[in-house]
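Below are the chains, spelled out letter by letter.
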Amino acid sequence: MDILNIAITMEDEGAKFYRSLAEKTDSAAFKSVLNLMANDEDKHQKVFEAWQKKNQVPLEDSTVVSEVNTIFKAANKADFVNAQDQLDLYNQALSKEGEAIEYYEKLKAEPEHAASIELIDKIIKEEKKHQAILTDLIEYISQPDSWIESAEFGVRAAY
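Treat the numbers as computed from the prediction; the structure is a model and nothing was measured. Counting restarts for each chain: residues are numbered from 1 in the order of the written sequence. Given that this is a predicted model, residues contribute local features only at a pLDDT of at least 70 and side-chain atom pairs are listed and counted only at 80 or more, while totals for whole chains, interfaces and linings are drawn from all residues. Hydrogens are left out, water is left out, and the side-chain values use all remaining heavy atoms of the structure.

A separate point is the overall build of the protein. The helix and strand inventory of the protein stands at 6 helices and 0 strands. When the helices and strands of the protein are listed from N to C terminus, the series reads α-α-α-α-α-α. Exposure is judged per residue with a 1.4 Å probe applied to protein chains only, and the accessible area is read against the type maximum: over 50% gives exposed, under 20% gives buried, and values in between give partly exposed. Looking at the protein residue by residue over its 159 residues, the buried ones come to 42%. Note on contacts: a residue pair is in contact if any heavy atoms of the two residues lie within 4.5 Å. Looking at the protein alone, contacts between residues at least 24 apart form 76% of all its contacts between residues at least 6 apart. The accessible surface values rely on the Shrake-Rupley method and a 1.4 Å probe; as for residues, cover is taken only from the protein chains in view. Carbon and sulfur atoms make up 51% of the accessible area of the protein, which totals about 9200 Å². Per the convention used, a helix needs a DSSP run of H or I reaching at least four residues, while a strand needs a run of E reaching at least two, with both numbered from the N terminus.

Here the focus is the packing of aromatic side chains. Working definition: a ring pair exists when centres of Phe, Tyr or Trp rings (six-membered ring for Trp) sit within 6.5 Å. Plane angles under 30 degrees give stacked, over 60 give edge-to-face, the rest tilted. The final tally for this structure, using the stated rule, is 5 aromatic pairs. Measuring from centroid to centroid gives 5.3 Å for phenylalanine 48 and tyrosine 104, while their planes differ by 25°, and the two rings are stacked. Of the two residues, phenylalanine 48 is situated in helix 2 (residues 28–52) and tyrosine 104 in helix 5 (residues 87–109); the sequence distance between them amounts to 56 residues. Take phenylalanine 48 and tyrosine 104: they sit in the same class, and that class is buried. Ring-over charges, as used throughout, are those where CZ of Arg or NZ of Lys falls within 6 Å of the ring centre and within 35 degrees of the ring normal. The lysine or arginine in question, lysine 96, covers the ring of phenylalanine 17, its NZ or CZ lying 5.0 Å from the ring centre.

All right, on to the packing of helix 1 (residues 3–24) against helix 5 then. The angle between the axes and the distance between the axes are what describe a pair of packed helices. Interaxial angles span 0 to 180 degrees and are taken between N-to-C directions of axes, which are lines fitted to C-alpha atoms, for helices over the stretch in contact. Interaxial distance between helix 1 and helix 5 falls to 11 Å at its minimum, and their mutual angle equals 165°. Considering their axes alone, helix 1 and helix 5 lie roughly antiparallel with respect to each other. In terms of crossing hand, the pair formed by helix 1 and helix 5 is left-handed. Note on element contacts: helix 5 touches helix 1 through Leu89, Tyr90, Gln92, Ala93, Lys96, Glu97, Glu99, Ala100, Tyr103, Tyr104 and Leu107, opposite Ile3, Ile6, Ala7, Met10, Glu11, Phe17, Tyr18, Leu21 and Lys24. Asp, Glu, Lys and Arg are counted as charged, while Ala, Val, Leu, Ile, Met, Phe, Trp, Tyr, Cys and Pro are counted as nonpolar; the rest, among them Gly, fall into the polar class. Class assignment for the residues of the contact of helix 1 with helix 5 results in 14 nonpolar, 1 polar and 5 charged. Here is the rule for angles: anything less than 35 degrees is roughly parallel, anything more than 145 is roughly antiparallel, 65 through 115 is roughly perpendicular, and the remaining ranges are oblique. Here a crossing is called left-handed whenever its near helix is offset anticlockwise from the far helix by less than a right angle, and right-handed whenever the offset is clockwise.

For the purposes of this section, nonpolar cores are sets of buried Ala, Val, Leu, Ile, Met, Phe, Trp, Tyr and Cys residues that join through side-chain atoms within 4.5 Å. The biggest cluster of nonpolar side chains holds 28 residues, and the ones touching the most others in it are Tyr18, Leu21, Phe30, Tyr90 and Ile141. Taken together, the elements giving at least two residues each to this core come down to helix 1, helix 2, helix 3 (64–74), helix 5 and helix 6 (117–146). Examining the composition of this core, we find that 7 residues originate from one element, helix 2, more than from any other. Tyrosine 18 has contacts with Leu34, Met37, Ala38, Glu41, Ala93, Glu97, His130 and Leu134, leaving out every residue within four places of it along the chain. In terms of nonpolar packing, the next biggest core, distinct from the first, is built from 16 residues, Leu4, Tyr104, Ile120 and Ile124 among them.

Attention now goes to the pattern of salt bridges. Salt bridge, as used here, is a side-chain nitrogen of Lys or Arg placed within 4 Å of a carboxyl oxygen of Asp or Glu. As enumerated under the stated definition, the model contains 5 salt bridges in all. Notably, a salt bridge pairs aspartate 42 with arginine 19, separated by 2.5 Å at the nearest N-O pair. You can see aspartate 42 sitting in helix 2 and its partner arginine 19 sitting in helix 1, a full 23 residues away along the chain. In this structure arginine 19 comes out as partly exposed when scored by relative accessible area, which is 28%. Taking the shortest distance from any N to any O, the salt bridge between lysine 108 and aspartate 121 comes out at 2.7 Å. Of this pair, lysine 108 sits in helix 5 while aspartate 121 sits in helix 6, and the two are 13 residues apart along the sequence. Using a relative accessible area of 32% as the deciding quantity, one classes aspartate 121 as partly exposed.

Expected span, for any helix, means 1.5 Å times one less than how many residues it has. Its 25 residues give helix 2 an end-to-end C-alpha distance of 36 Å, which sits within 8% of 36 Å, the value for a rise of 1.5 Å per residue. A distance of 3.3 Å separates the backbone nitrogen of alanine 29 from a side-chain oxygen at the start of helix 2, and that oxygen is part of serine 27. Phi turns positive, to about 65°, at lysine 54, one or two residues after helix 2. By the criterion applied in these results, polar contacts are pairs of N or O atoms within 3.5 Å in which, for protein atoms, one can donate a hydrogen and the other can accept it, and in which residues neighboring in sequence qualify only through two side-chain atoms.

This is the structure we're talking about:
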């Protein structure tokens, strides 16, 4: 399988994974976030498919971070507590994003892709946005488990 087919498959699997996570949550906020991330993966897949056909398709900057921030601000705090049973799935998603970034870094090193380094860098940047979102999501979900209401602990971050 050539390098672009692998990238296309990774993006397709990523989109399917995010959509399957969205189906498993009862939270409307989490569904929205996960579907936004799946849509980004679909865009990446289309870019790689076009690239494979020797077409130039611009990759528009993702607005997922600003949209997610708005969704998180409006989310019900109980959503984060109720999602604790899905923490392993979000950690798996975080791991998959890391694998994708590693793969795209290797892709940049291939001489035949030297002309497309700017595009690959944009995709890496978007995958890093997904990592940041997942890291925040995992932190917010985990916080109730690790939060200790005790005066002996210093300044606490606000929920």
